[in-house]
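Inside the fold
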Amino acid sequence: MLGRPSWPPPRRGRGAAARGGAKGGPRQSPQRGGGRTTPARPRELDARIEERNRERYAGKPQPAPQPGQEGERLQKVLARAGYGSRRACEELIEDARVEVNGAIVVEQGLRVDPDKDEIKVDGLTVATQSHQFFALNKPAGVVSTMEDPDGRQCLGDYVTNRETRLFHVGRLDTETEGIILLTNHGELAHRLTHPKYGVKKTYLAAITGPLPREVGKLLKDGIQLEDGYARADHFRVVEQTGKNYLVEVVLHEGRKHIVRRMLAEAGFPVDKLVRTAFGPIQLGDQKSGWLRRLTNTEVGMLMREVGL
C-alpha cells in the first residue's frame, strides 16, 4: 500500500524511553547505578518560564497559602508525582513555579491534601498518586472494552496487572489502530469524550484515488450521513504514491465509525486507519501493543484542554 511506507510514517519523538511494556511485550527496566545525571535546564527555558509566570500573575494579588499542621509537605507530594527529588521540588517552589488553589507558593513547608487541593506546576495540574493515566497503541483486532464475554482480545488484557481498575476514554473501532487513553480519573475521562469540550482526534487513513482537490473542502463543509452531518476540522494529504494516498483527518466528533463513514460517503473507502493523536497526546513512535504511562506534563495538558 502506497509503495509500502512505514505505518504510520515515522516521527521524531520520545523514543524507546517513553514506551512501557504491554502485557506479553518487552519491559524496560530503569538503569541503576552511577553515570546518570540530570542535564541542566537551558537558561532560555528558565527565562521563558519566569516570563510566563510574570505574565500569568501580573496585576493579580496572590495571597500565599500558610503552612499548617495537617496534610503532607508540598515538596513530598511533588516528588512522589515525579517532579524530581525533594530538593529539586523545593527549587520549583523557590522559583515561584508552583501554585496551590490558585495562589503561588512563596515559602517552604506548606502542607497540602493532594486529593482536595489543586496543585499546579508551570500552570499545569499535578496528577495525584491515586490517579493513573496511560496511552495504549491499540493493534487492529483488539476490542475497545475492558472485558469481552466472547473471549476476544480486549483493552483489559493490557492492564491486568494494575492494582487500580482502569477504564478506556472513548473507543476505537476493532480494526482501527492507534492511541487510546486509559485512566481511573472519571471526570477527566467524561470531559475528554463530551462534545461540549470539542477535544480533537487526529487520524491517518489509507485510501485509493484519484483524489480531487475539493475533497478537503467537502469534508470540512460537512458530509451528510444517516445520523446527521459530520464535519472535519482539518484535512490534508500526507503522502501519495500513484493512486494510493495517506490522508490526515482531524475532527472532534466521536460517533461510531465516523472517519470511515465520512470518507466512504465522499467516495473513498478506507483501507487502513490509525489514530495518531488524542487531543495534545501524540502516538509518536510508540510501538503497536505497547502501553506507556503519561508524563506529568501530558496529564496537565489534558486537564487544561478540558478546564480541569
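Below, the discussion takes up the pattern of salt bridges. Throughout the structure, instances matching the rule amount to 15 salt bridges. As a salt-bridge pair, arginine 97 and aspartate 122 come within 2.7 Å of each other at their nearest N and O atoms. A residue pair is termed long-range when its members are at least 10 positions apart, and arginine 97 in the loop between helix H3 (86–94) and strand S2 (98–100) and aspartate 122 in the loop between strand S5 (119–121) and strand S6 (124–125) qualify at 25 residues. Several salt bridges share partner residues, and in doing so they unite Glu226, Asp227, Glu253, Arg255 and Arg261 into one network.

Once that is clear, we can look at the environment of valine 121. With respect to the secondary-structure elements, valine 121 resides in strand S5. The exposure class of valine 121 is buried, given its relative accessible area of 6%. Measuring from C-alpha to C-alpha, the distance between valine 121 and tyrosine 83 comes to 9.2 Å, with 38 residues separating the pair along the chain. If we skip the residues at most four places from it in the chain, valine 121 touches Leu78, Tyr83, Leu92, Arg97, Val98 and Val126.

On to the side chain of arginine 191. Mapped onto the secondary structure, arginine 191 falls in helix H4 (residues 186–193). At 2.7 Å, the side chain of arginine 191 forms a polar contact with the side chain of glutamate 187.

The next thing to look at is the nonpolar core. Counting 35 residues, the largest nonpolar core has Leu182, Ile207, Leu211, Leu219, Val247 and Met262 as the members making the most contacts within it. The residues touching leucine 219, leaving out its near neighbours within four places in the chain, are Ala230, Arg231, Ala232, Phe235, Met262, Leu263 and Ala266. The next biggest cluster of nonpolar side chains, apart from the first, holds 18 residues, and it includes Val169, Ile179, Leu283 and Leu294.

What follows concerns the sheet that holds strand S3 (residues 103–104). Read across the open sheet, the 4 strands follow the order S3-S2-S5-S6; overall the sheet is antiparallel. The open sheet is flanked by S3 and S6, the only strands paired with a single partner. Sheet topology note: the S5/S6 ladder contains 2 bridges and is antiparallel. Looking at the pairing, lysine 120 lines up with threonine 125 of S6.

As a further point, take the pairing of strand S9 (residues 177–183). Walk down a regular strand and you will see the side chains alternate between the two sheet faces. Counting buried residues along S9, 7 of its 7 residues qualify, which places the element largely inside the surrounding structure. Pairing of strand S7 (residues 133–138) with S9, which is carried by 6 bridges, proceeds in the antiparallel orientation. Bridged to leucine 136 within S9 is isoleucine 180. Pairing between strand S8 (residues 167–169) and S9: 3 bridges, direction antiparallel. Paired with histidine 168 across the two strands is leucine 182, which belongs to S9. Here S9 pairs with strand S15 (residues 272–278) via 2 bridges, running parallel. What sits directly across from glutamate 177, in S15, is valine 274.

Moving on to helix H6 (residues 258–265). When H6 is considered as a whole, its buried residues turn out to be Ile258, Val259, Arg261, Met262 and Leu263. Looking at the packing, one finds that the buried side of H6 touches strand S10 (201–208), helix H5 (215–221), strand S11 (223–225), strand S12 (228–230), strand S14 (244–251) and S15. One or two positions beyond H6, positive phi appears at glycine 267, with a value near 100°.

Reading the values: rules and limits
- Residues numbered from 1 in each chain as written.
- Predicted model: local features only at pLDDT ≥ 70, side-chain atom pairs only at ≥ 80, totals over all residues.
- Heavy atoms only, no water.
- Salt bridge = Lys/Arg side-chain N within 4 Å of Asp/Glu carboxyl O.
- Helix = DSSP H or I, 4+ residues; strand = E, 2+ residues; numbered from the N terminus.
- Buried < 20%, exposed > 50% of the residue type's maximum accessible area, 1.4 Å probe, protein only.
- Contact = heavy atoms within 4.5 Å.
- Polar contact = N/O pair within 3.5 Å; in protein donor to acceptor, adjacent residues only side chain to side chain.
- Core = buried A, V, L, I, M, F, W, Y, C linked by side-chain atoms within 4.5 Å.
- Pairing = 2+ DSSP bridges.

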